[in-house]
Amino acid sequence: MEPTSLSGLPSGVGEALEAEGVADLYPPQAEAVGAGLLEGENLVAAVPTASGKTLIAELAMLSAIERGGTALYIVPLRALASEKRAEFERFEEFGVTVGVSTGNYDSDGEWLATRDVIVATSEKVDSLIRNGAPWIDDLSCVVSDEVHLVNDRSRGPTLEVTLAKLRRINEGLQTVALSATVGNAREIADWLDAALVDSDWRPIDLRIGVHANGTIDFDDGSRTEVPVGDPPTDDQTAALVDDALGTVEDGQGGSSLVFVNSRRNAESAAGDLAAVTRRHLEESERAELDALAEEIRSGSETDTGETLADAVESGAAFHHAGLTSAHRELVEDAFRDRLIKCICATPTLAAGVNTPARRVIVRDWRRYDGEFGGMKPLDVLEVHQMCGRAGRPGLDPYGEAVLLANSAERSEELFDRYVWADAEPVRSKLAAEPALRTHVLATVATGFASTRDGLFEFLTNTLYAEQADDDHHLRSVTDGVVEYLVANDFLERDRDGDRDAIAATSIGHTVSRLYLDPMSAAELIDGLRAASGGSGTDTDDATTAADRGDGVQYAPNEDSAEKTQDFVTYGRVDGNDGREEADSEAPDGRPELTPLGLYHLVSRTPDMYELYLKSGDEKRYTQTYHEREDELLGPAPSEYEEVRFDDWLASLKTARLLEDWATEVDEDRIAERYQVGPGDVRGKVDTAEWLLRAAETLGREIGLPDDAVAAVRDARKRVEYGVREELLDLAGVREVGRKRARRLYEAGIESRSDLRTAEKATVLGALRGRERTAETILENAGREDPSMDDVRPDASAAAAATAGTAGNDGEGGNGQSNLGDFR
DNA sequence: GATTCTCGGCTATAGACAGCATGTC
DNA sequence: CTATAGCCGAGAATC
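Keep in mind that this is a model prediction, so the values were computed, not measured. (Residues numbered from 1 in each chain as written. Chains lettered and ligands numbered in written order. Predicted model: local features only at pLDDT ≥ 70, side-chain atom pairs only at ≥ 80, totals over all residues. Heavy atoms only, no water.)

*Asks:* Explanation requested: the pattern of salt bridges in the structure shown.
*Replies:* When the charged atoms of two side chains lie near each other, side chains of opposite charge can form a pair. The tally for this structure, following the rule as stated, stands at 51 salt bridges. Residue arginine 410 is joined to glutamate 413 by a salt bridge in which the shortest nitrogen-to-oxygen separation is 2.9 Å. Here the residue arginine 410 and the residue glutamate 413 both occupy positions in helix 15 (residues 408-419), the gap between them amounting to three residues, near one helical turn. The partner of arginine 716 in a salt bridge is glutamate 696, with the nearest N and O atoms 3.3 Å apart. Note that arginine 716 is positioned in helix 29 (residues 706-721) and glutamate 696 in helix 28 (residues 678-701), a separation of 20 residues in sequence. (Salt bridge = Lys/Arg side-chain N within 4 Å of Asp/Glu carboxyl O. Helix = DSSP H or I, 4+ residues; strand = E, 2+ residues; numbered from the N terminus.)

So, in structure tokens, the structure goes:
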């Protein structure tokens, strides 16, 4: 089937596709068209990665637009949103406009309502529905990419519920779901009332094999000898990477992607493989790689950045979530440009943006899982996704994916477990409590249900209902969740005879719109109330606490993997305990609201990803806890309740990280002190900022005194800018961050108004003589005459600025570190 | 005597969405 | 917690 023969597309699109090289539709694409894709029919396409899924989506969206409609494309990751936007923008010449909406990025500030195609993450779509975005009920086509992720424990339910809501709001909505090949694609199609295209077809062949004893055995029966040699090719991975680079004759070498199971392994393997890739570099590449390494080093002066730069110089790299997003992008781009020959990655890369490789090596097939209690084999689906990254379109005749085995027996096991095996079926995880907590509240708050029965009726639109034999489990968990939400004043229930009405309270609406987990909101509200005991919300508080006292019990959850949530306190503990803090009360009788206290509060909500307690941390933070107990909000768990107390300490560790950031400790110091990557620091800071903003809104809503709300705002701003209190004003000026603010301050410029009146020489000196920067900053501060012409930097200001920022580690020096060298 | 090998003990363990209002060195 | 691999240092084996 030729693209030009398709009807229902904007004119010229068929020809344009042909010009791109789409001579014939791939078989699955043709099948999709046959199933009515261009006439608005629902479709589930379960096909391998890189076999033309995107074109299926594009055809559906373009035909919908041609009929005068608009389309929504749902992606699982923010990084994929921008990738898809770039792809779709090639249709702009046919008048198709594209917009992106994710948490950290909204398209051009233009109204999304005017766009023909909107790309968004599932959470963002959910949030847009909750906040009543005007265009959300005016869609004619929705595409859900990677729909098999409804299987994901934490984020799957959101996708599932969001699709159900979109389909309910939009009459006649065309639903197109793209999935990896899974065991039960039929079931997903039934759920979405869709035709099914289920195919293993690939445009580029993929051979999957296992390497053992110097030989790769492939699934098609072929064998390739890849002997393990002398250093640096003295282990399986190195030999395979070396082999891929050596055997491809296109002069560019075959790149490899190595999947490992931990960040540390990724980093150490990249270091080892650097010795291999180095041997295959050409002179010109070395120079480019040096430049790239330099760029990496300049981006973030951390250990991680340094290690990465070292590997990159030799043409290897690692990739994991501890990298800053800038570093990640540099690595991905250089790999696509074939400059970097080998990436060692954690599974971030398998699910992320498109990074095809000649050879994929799945080195580790087990990963530590705390809930499982040990090393758990990866899902078949996950391994298949990794393998699917093999084969670069237009470059490779076929892709190779190789699993590593250390013996013939292990090799056989891997063949059975992964090579011959079908992917697991996708199972809805909606009945898990944390998911229902959030979605029951949102469903009621957004008006999808106003009675208990209505709630269950809505839930029958989900995959869960499609899959469940009976809905008893879902009903009992839902009832428990409703009780929890009522006990925390997020929902109101009005039972009168046959009526069983449920409505969201005002605070419930707020929580839903803020996109908070209700449990986080409850934790925040309790913490804030504990710190402002005298406020007029006391009676309310007492009632709720009493309700809780009766014991809101949950039906035991059959899902054993719910474990992590089990020990989290449900709701609040008696509000009075929080006010019994002995010696920490402000003169008016309530505990002080310090930044640390607030950071700890947001860190212990389920919306904040936990930091591990490493060896020695337990001791360290128990001490910190005793020293600063007064600042923490609400009652601490007893030290004898080990699990909950450890959680409390882990939150305290996170809080200390945030406090360090807000007292201008350097990023690399923090990364080292808490043994996290620079990307993790940014992540924590971002999340804290978000939660503190939510806390501010909630605080106002529950009638917190103004000074308390102000304290929350200050703590939030200090995290946002990463500065001490005295720099808040300066850091609010555009182009002035934590570093520049401190330099200016040390040079005697302490506020925005100082910037307007200060000697220009002083400003310039503090900013290291950068005229353009200084001019921009003065302008942003509202100065009349920002020009720096003929101004000479003041040397003493420069000296003061440098003295104030040098070697800031938050504590005094590091005199200890040399003792070990003594011997 | 210096280098390599081996073994036992210790340690650490993947990922990343959202709000809101504009901008790092 | 139902585990395991990497790393490090100490002592043994080897040159």
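*Asks:* Teacher, can you tell me more about the packing of helix 16 (residues 433-445) against helix 20 (residues 506-514) here?
*Replies:* Two packed helices can be described by the angle between their axes and the distance between those axes. Contact pair helix 16 / helix 20: the axes reach a minimum separation of 9 Å and the direction vectors enclose 115°. It follows from the interaxial angle that helix 16 and helix 20 lie roughly perpendicular. As helix 16 runs across helix 20, the sense of the crossing is left-handed. When helix 16 is examined against helix 20, the residues Leu441, Ala442 and Ala445 are found in contact with a partner set consisting of Gly508, His509, Val511 and Ser512. (Axes fitted to C-alpha atoms, helices over the stretch in contact; angles between N-to-C directions. Parallel < 35°, antiparallel > 145°, perpendicular 65-115°, else oblique. Left-handed = near helix turned anticlockwise from the far one by under 90°. Contact = heavy atoms within 4.5 Å.)

*Asks:* Would you mind showing me how to read the sheet that holds strand 2 (residues 71-75) here?
*Replies:* Sheet strands pair by backbone hydrogen bonding; their relative direction is either parallel or antiparallel. Sheet architecture is open: eight strands sit in the order 4-3-5-2-6-7-1-8, paired in mixed fashion. A strand with exactly one partner marks an edge of an open sheet, and here the two such strands are strand 4 (105-106) and strand 8 (195-198). The pairing of strand 1 (residues 43-46) with strand 7 (residues 174-179) spans four bridges and is classified as parallel. In the sheet register, alanine 46 faces strand 7, and the bridge partner there is serine 179. Helix 3 (residues 53-66) rests against strand 1, strand 2, strand 5 (117-121), strand 6 (141-144) and strand 7 of the sheet, and its axis sits at about 170° to strand 7. (Pairing = 2+ DSSP bridges.)

*Asks:* I'm lost on the side chain of glutamate 58 in this one. Help?
*Replies:* With respect to the secondary-structure elements, glutamate 58 resides in helix 3. Accessibility expressed as a relative area gives 3% for glutamate 58, which makes it buried. (Buried < 20%, exposed > 50% of the residue type's maximum accessible area, 1.4 Å probe, protein only.)

*Asks:* What is the right way to look at the protein's contact with DNA strand B in this model?
*Replies:* Surrounding DNA strand B, one finds 38 residues, the nearest of these being Thr121, Ser127, Tyr609, Arg693 and Arg734. If you look at DNA strand B and keep only atoms within 4 Å of the protein, 61% of those are sugar or phosphate atoms. The separation between a phosphate oxygen of DNA strand B and a polar main-chain atom of alanine 321 is 2.7 Å. Measuring from a phosphate oxygen of DNA strand B, one finds a backbone N or O atom of glycine 737 at 2.7 Å. For the surface near DNA strand B, the secondary-structure elements that each account for two or more residues are helix 5 (122-130), strand 16 (366-369), helix 28 and helix 31 (738-746). Ranked by residue count, the leading element in the surface near DNA strand B is helix 31, at four residues. Residue classes in the surface near DNA strand B are distributed as ten nonpolar, twelve polar and 16 charged. (Near = heavy atom within 4 Å. Polar contact = N/O pair within 3.5 Å; in protein donor to acceptor, adjacent residues only side chain to side chain. Nonpolar A, V, L, I, M, F, W, Y, C, P; charged D, E, K, R; others polar.)

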